[in-house]
Amino acid sequence: MDFLRKIHDINKAGPLPTGTLLCTMDVSALYTNIPHAEGIFACREALTKWKEHITKPSATFLCNLIQHILTLNFFQFEDNLWLQTHGTAMGTRMAPSYANLFMGALEGKMLNSSPHQPLIWLRYIDDIFFIWTHGSSTLDQFLAHANNFHPTIKFTSEISPLKIPFLDVMITLQDGRLETDLYSKPTDTFNYLHWGSCHPHHTKRSIPYSLAFRLVRICSTEEALNTRFAQLSSHLQKRGFPHKQIELAINKARGTPRPQALQRRKKVLLGHREFPSCSHTTLRYPTSATSSKPTFPSSIYPIDAKRLYRSSREQHFADPPTSGIYWCVTPLHPTTALGSSPATHHNAKRVLTHQAHRLLGPLPTDVFSTSPSTYHAIHTTSFT
């Protein structure tokens, strides 16, 4: 998405000059080639730079945690235990952010020390796309400079004056403009989930639309889009999807203009770091139970101090209110969701009371009605 938006902005800036070269670079084995000291230093610099926005935990505390993760990475191979002394494990949750910060620091120094710089430079962790306008001879010098800049970070590259693949996009230079189309690797078998599989119907129904909407975003020309729609329909029919279902999804995706499909969506952040998470204890509820109303006394739930929202699976916050933390009360129906036994009702009431106590403090005993249709889950919603 971000890459496609950047390409769209490049085209709006005007045609590219004659002799433009399309280039991609990829870091060879990035995660296992980041020196610990340099990686931690890059993280510390980034945390210090943004210290006005990140106050807790401190940069020192986070860097100490990173050092523990990097230096205590034990793993077993056959019958032997090993300790990784260089780089980070590829499966560690912090590895992508850690590698991204390291590469951000490295590329800044590398580009600033080069006599010639790319016109456009876009990096996504270890995958780089850039546009070169200084000729092929200076490009060779730039690639040599990049590969000699760091002892362990090496790059592979691909260059073309016409078209080049990057991620899942094929970029073509046509009359000074960048056209985009879908790129699939030769090994892609398009083995999507079969229509006859034992998955929820809404999961299978969403696959054609998601894939079709992805094509709307990627394909910049109508001709390419129609070709990819036809291929998508063929692939899905081979996986048992009904032709009517596929056509409905394609027509729905086609109804969204590409500029609109590339726009950023407004995000509504649920939860808040100052409050404990209750998601693991929140009871699930069907949409048929959303008609019940909250029964919170005003002494516990001052309406003038906090705003109340009822949520359902069909309701979205298209225009979020002003920034702040708001209490949300979600109606539950334990009879439908969990069963109708008295023990189930009692346990559900205990869970909800526990959530309310953690978030709001001690509550009177009559907050929750004994009627199963009026149980409510309590959580916080933060609008930013």
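About the thresholds
Residues numbered from 1 in each chain as written. Predicted model: local features only at pLDDT ≥ 70, side-chain atom pairs only at ≥ 80, totals over all residues. Heavy atoms only, no water. Helix = DSSP H or I, 4+ residues; strand = E, 2+ residues; numbered from the N terminus. Expected span 1.5 Å × (residues − 1). Bend = angle between axes of the 7 residues up to and from the residue. Buried < 20%, exposed > 50% of the residue type's maximum accessible area, 1.4 Å probe, protein only. Contact = heavy atoms within 4.5 Å. Pairing = 2+ DSSP bridges. Axes fitted to C-alpha atoms, helices over the stretch in contact; angles between N-to-C directions. Parallel < 35°, antiparallel > 145°, perpendicular 65-115°, else oblique. Left-handed = near helix turned anticlockwise from the far one by under 90°. Nonpolar A, V, L, I, M, F, W, Y, C, P; charged D, E, K, R; others polar. Lys, Arg positive; Asp, Glu negative; His and termini not counted. Salt bridge = Lys/Arg side-chain N within 4 Å of Asp/Glu carboxyl O.

Colleague: Which parts of the structure should I look at to understand helix α6 (residues 201-218)?
Modeller: Helical geometry: 3.6 residues make up each α-helical turn, so side chains three or four residues apart lie on a common side. Its 18 residues place the ends of α6 27 Å apart at the C-alpha level, agreeing with the 26 Å of an ideal helix rising 1.5 Å per residue. I207 marks the point of greatest bend in α6, at about 30°, and the proline P208 comes within the next four residues. Looking at α6, one finds that the buried residues are K204, I207, P208, L211, A212, F213, L215, V216, R217 and I218. Where α6 is buried, its residues contact α1 (2-12), β8 (169-174), β9 (177-182), α7 (222-238), α8 (243-254) and α9 (258-261).

Colleague: Would you explain the sheet that holds β9 in this entry?
Modeller: Paired through their backbone hydrogen bonds, the strands of a sheet run either parallel or antiparallel. Read from one edge to the other, the open sheet built from three strands follows the order β7-β8-β9, with strand pairing classed as antiparallel. Each end of this open sheet is capped by a strand with a single partner; those strands are β7 (163-166) and β9. Averaged over all pairs of adjacent strands, the angle between strand axes in this sheet comes to 25°, irrespective of strand direction. Bridge count between β7 and β8: four bridges; the pairing is antiparallel. Bridge pairing in β8 links K163 to T172. Packing of α6 onto the sheet brings it into contact with β8 and β9, and relative to β9 it is tilted by some 165°.

Colleague: Would you mind showing me how to read the environment of P115 here?
Modeller: Assignment of secondary structure puts P115 in the loop between α4 (95-112) and β4 (120-124). Note on P115: relative accessible area 71%, which makes it exposed. When the C-alpha positions of P115 and Q141 are compared, they lie 9.3 Å apart, and in sequence the two are 26 residues distant.

Colleague: Can you help me understand the packing of α6 against α7 in this one?
Modeller: Two measures define how a pair of helices packs: the angle their axes make with one another and the distance between the axes. Contact geometry of α6 with α7 gives a least axis separation of 10 Å together with a crossing angle of 160°. It follows that α6 is roughly antiparallel to α7 by the angle criterion. Like other packed secondary-structure pairs, α6 and α7 cross with a definite hand, here right-handed. Counted together, I207, P208, L211, A212, L215 and V216 of α6 and L225, R228, F229, L232 and L236 of α7 form the full contact between these two elements. For the contact of α6 with α7, the class distribution of residues is ten nonpolar, no polar and one charged.

Colleague: Would you explain the side chain of R5 in this entry?
Modeller: Mapping R5 onto the fold places it in helix α1. No salt bridge is formed by the buried R5, whose closest oppositely charged neighbour, D2, lies at an N-O distance of 4.3 Å.

Colleague: Explanation requested: the pattern of salt bridges in the structure shown.
Modeller: Opposite charge on two side chains makes pairing possible when the charged atoms of those side chains draw close. According to the stated counting rule, one finds seven salt bridges in the structure shown. The closest approach of N and O atoms between K6 and D2, which form a salt bridge, is 3.0 Å. Placement of the pair is K6 and D2 together in helix α1, with a separation of four residues, close to one helical turn. Here K6 falls in the partly exposed class, since its relative accessible area comes to 33%. Of the residues examined, D2 reaches a relative accessible area of 23% and is grouped as partly exposed. Here the salt bridges share partners, and the residues they tie into one network are D2, K6 and R264.

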